[in-house]
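# Geometric and topological summary
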Amino acid sequence: ALDGIDEYSHVWIVFEFHANTTINGKHNNSQKTKIRPPRAGGKKVGQLATRSPHRPNCLGLSLVRVERWDAPQRTLHISGLDLVQGTPVYDVKPCVP
């Protein structure tokens, strides 16, 4: 499924925020449409305009660098991905600038 992926410098990783404790309104934070992120200096912004993992759904998207594709081992080596061990990855898509 990944043959040819090494022709791209970057790929998108679609994953699940499986360790997020506020999905589906468990703590009502996911019901807020505006939040105050730490780097906004107290300003309220739209929840989807932030990098916060506290989202109305559990989907995440990260852009990572392709280091190499090891076809015999069927292993994609990437850098720049910051996920918790065991995070479910749903899809890998080439990034086309």
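See the structure printed just above.
Quick caveat: nothing in here was measured; it's all calculated off a predicted structure.

For the protein chain, the count of helices and strands is zero helices and six strands. Here the protein chain, with 97 residues, has 26% of them falling under the buried criterion. Taking the intrachain contacts of the protein chain between residues at least 6 apart in sequence as the baseline, contacts between residues at least 24 apart amount to 61%. Accessible surface, the protein chain: about 7000 Å² in total, of which carbon and sulfur atoms supply 50%.

With that settled, consider unusual backbone geometry. In the Ramachandran plot, Arg74 falls in the positive-phi region, its phi being about 55° despite a non-glycine side chain. Turning to its location among the elements, Arg74 is positioned in the loop between strand 4 (59-70) and strand 5 (75-79).

About the cut-offs
- Residues numbered from 1 in each chain as written.
- Predicted model: local features only at pLDDT ≥ 70, side-chain atom pairs only at ≥ 80, totals over all residues.
- Heavy atoms only, no water.
- Helix = DSSP H or I, 4+ residues; strand = E, 2+ residues; numbered from the N terminus.
- Buried < 20%, exposed > 50% of the residue type's maximum accessible area, 1.4 Å probe, protein only.
- Contact = heavy atoms within 4.5 Å.
- Areas by Shrake-Rupley, 256 points an atom, 1.4 Å probe, with all protein chains shown as cover.

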